[in-house]
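# Structural description and commentary
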Amino acid sequence: MTAAPPVTVRVPAKVNLQLAVGPPRPDGYHDLVTVFHAVSLFDEVTVSPADRTTVQVTGEGADAVPRGSANLAVKAVTALERALRPRGRGKLAAAVSIRKRIPVAAGLAGGSADAAAALLACNELWRAGLSVAELSDIAAGLGSDVPFALAGGTAIGQGRGELLTTALVAGTYHWVLAFAAGALATPEVYAACDRLRAGRGTSSGAARRVPEPAPSTALMAALRSGDAAAVGPLLANDLQPAAVSLMPELRRTLTAGREHGALGAIVSGSGPTCAFLAADARAARELAVSLTGAGVCRSVAATSGPAPGAAITASQGPA
Ligand code: C5P
């Protein structure tokens, strides 16, 4: 039998248009309501037949990506292999090659994207035939953002982010992403959020109750209308004060974007990437140039959303 051909999957980054964070749960996570939005900044993951699972990483921030069993894409390969064990398929492994364009630890769910891509790619490589719903169940066990990276588009996330409902969105939105010089670890940003909230007592000295997170009906209506000018002021992220407290220079980045005409300015997820909404593709290009000139970030990328979720781009047979 000839070896199966390599499979390549392209997978998008995400920004959060709303991120409402509840109080910490006993398991350490936070219940949240978020609006995930996939943008056209893609990693590419290729899997090939192998006797044992390995990973190699190239591209943007490759040095910061863990190798071996700590790599989320490797965890995805292992999780899928484990799920398939009852089918008696024998030993399943893959050589994983990740080409990174999504910066690491940037609030763009790059690691989650690679895990989603690896799941989809190995499902194809091993001819496993799992449905998207079955892959999504495995994805939820790997990380809160992994199911969304499979789905793409725009979706409301609940629970810890893994419970998805597709959102109705009209039109295309143009985003400038401003990448920071450093990285932020997601658990540290959530912990800083809890600390800031604990310190923000009421006048009687009692800790203020954190409200249950709820979807913004105004934002959902604006997204349905396709009107970027209406969406911009409704972008909201409960983790933003925490991200800014850990990396105060983000305040300058956000201000610069607003001053150069962004319709909305927000820290993406747990940061430190800032996302700026522009009126159209041309305004996004101009904003990208202005932000570069202002020297308020490491680099910028003009992108658009909603972008499709993880998708197979190539599965080459032998030449
Ligand atoms: O699920 P994931 O591994 O991506 O989450 C990384 C970390 O982010 C968690 O260990 C937790 O500290 C924090 N987190 C959280 N609440 C969420 C999602 C993530 O506290 N809903």
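Here the structure is a predicted model, which means the values were calculated and not measured.

Looking now at the pairing of strand 5 (residues 154-158). A regular strand carries its side chains on alternate faces of the sheet. Here strand 5 lies mainly inside the structure; 4 of its 5 residues are buried. Bridge count for strand 2 (residues 30-49) against strand 5 is 4 bridges, and the pairing is antiparallel. Among the inter-strand pairings, Thr34 is bridged to a residue of strand 5, identified as Gly157. Taken together, the 4 bridges between strand 5 and strand 6 (residues 163-166) define a ladder with antiparallel strand orientation. Within strand 6, the residue paired with Gly157 across the bridge is Leu164. The hairpin turn running from strand 5 into strand 6, its antiparallel successor, is 4 residues long, and Gly159 in that turn takes a positive phi close to 70 degrees.

What follows is about the site of the ligand. Neighbouring residues of the ligand: Gly28, Tyr29, His30, Leu32, Gly143, Ser144, Arg160, Thr186, Pro187 and Tyr190. A distance of 2.7 Å separates an oxygen atom of the ligand from a polar side-chain atom of His30. Between the ligand and Ser144, the relevant distance is 2.5 Å, taken from an oxygen atom to a side-chain nitrogen or oxygen of the residue. Bound to the protein, the ligand loses 76% of the 450 Å² it would expose on its own. For the ligand, the cavity whose grid points lie within 2 Å of the majority of its atoms is the largest pocket. Those elements that provide at least two residues to the shell around the ligand are strand 2 and helix 5 (186-198).

In this structure the tally under the stated criterion is 1 aromatic pair. A centroid spacing of 4.7 Å and a plane angle of 15 degrees characterise the contact between Phe36 and Phe148, whose relative ring orientation is stacked. Note that Phe36 is positioned in strand 2 and Phe148 in helix 4 (residues 146-151), a separation of 112 residues in sequence. The same class applies to Phe36 as to Phe148, namely buried. Across the ring face of Phe42, the terminal group of Arg10 is positioned such that the distance to the ring centre comes to 3.6 Å.

For the rest of this paragraph, the subject is the pairing of strand 4 (residues 94-100). Taking every second residue as pointing to the same face, the buried face of strand 4 carries Ala94, Val96, Ile98 and Lys100, while none of Ala95, Ser97 and Arg99 on the other face is buried. By the bridge criterion, 6 bridges tie strand 2 to strand 4 in an arrangement that is antiparallel. By the bridge assignment for strand 4, Val47 is matched with Val96. With 6 bridges joining them, strand 3 (residues 54-59) and strand 4 adopt parallel strand pairing. Bridge assignment links Gly59 to a residue of strand 4, and that residue is Lys100. Read as a crossover between parallel neighbours, the route from strand 3 over helix 1 (residues 72-84) to strand 4 is left-handed.

This paragraph deals with the nonpolar core. If you look at the biggest cluster of nonpolar residues, it comprises 68 residues, and the most contacted ones within it are Val47, Leu80, Leu108 and Trp126. Counting residues per element, this core draws most heavily on helix 2 (residues 110-125), at 10 residues. Beyond its immediate chain neighbours, meaning those up to four positions away, Val47 contacts Pro6, Val7, Ala94, Ala95, Val96, Ala121, Cys122 and Leu125.

Reading the values: rules and limits
- Counting restarts for each chain, with residues numbered from 1 along the sequence as it is written.
- With pLDDT at 70 or above as the cut-off, local features in this predicted model cover only qualifying residues; side-chain atom pairs require 80 or more to be listed or tallied, and sums for whole chains, interfaces and linings still use all residues.
- Remark: hydrogens and water are excluded; side-chain values derive from all non-hydrogen atoms of the structure.
- Throughout, exposure labels follow a simple rule: accessible area from a 1.4 Å probe, protein chains only, divided by the maximum for the residue type, with under 20% read as buried, over 50% as exposed, and the rest as partly exposed.
- The secondary structure listing takes helices from DSSP runs of H or I that are at least 4 residues long and strands from runs of E that are at least 2 residues long, numbered from the N terminus.
- Should DSSP find at least two bridges between two strands, the strands are taken to pair.
- Near, as used in this document, describes a residue that has one of its heavy atoms within 4 Å of the molecule or strand being considered.
- Any N or O atom pair separated by 3.5 Å or less is treated as a polar contact, with the protein-specific requirement of one donor-capable and one acceptor-capable atom, and with residues adjacent in sequence counted only for side-chain atom pairs.
- All accessible areas in this document rest on Shrake-Rupley with a 1.4 Å probe, and a residue is counted as covered only by the protein chains that are shown.
- Site definitions follow a grid-based scheme: protein atoms alone, a 1 Å grid, a 1.4 Å probe that fits but cannot get out for cavities, and for pockets an open set with protein on both sides within 12 Å along at least five of seven lines, plus lining residues having an atom within 4 Å of a point.
- Put plainly, a molecule is in a cavity or pocket when over half of its atoms are within 2 Å of the grid points there.
- Under the pairing criterion, centres of Phe, Tyr and Trp rings, with the six-membered ring standing for Trp, must be within 6.5 Å; the plane angle then separates stacked pairs below 30 degrees from edge-to-face pairs above 60, leaving the rest tilted.
- We call a charge positioned above a ring when the Lys NZ or Arg CZ atom is no farther than 6 Å from the ring centre and deviates by at most 35 degrees from the ring normal.
- A right-handed crossover is one whose linking path, passing over the helix from the first strand to the second, runs clockwise when the strands point away from the viewer.
- Take the buried Ala, Val, Leu, Ile, Met, Phe, Trp, Tyr and Cys residues and link them wherever side-chain atoms come within 4.5 Å; each set so joined is a nonpolar core.
- Every residue pair with non-hydrogen atoms within 4.5 Å of one another is taken to be in contact.

No statement about biological role is implied by the geometric values presented.
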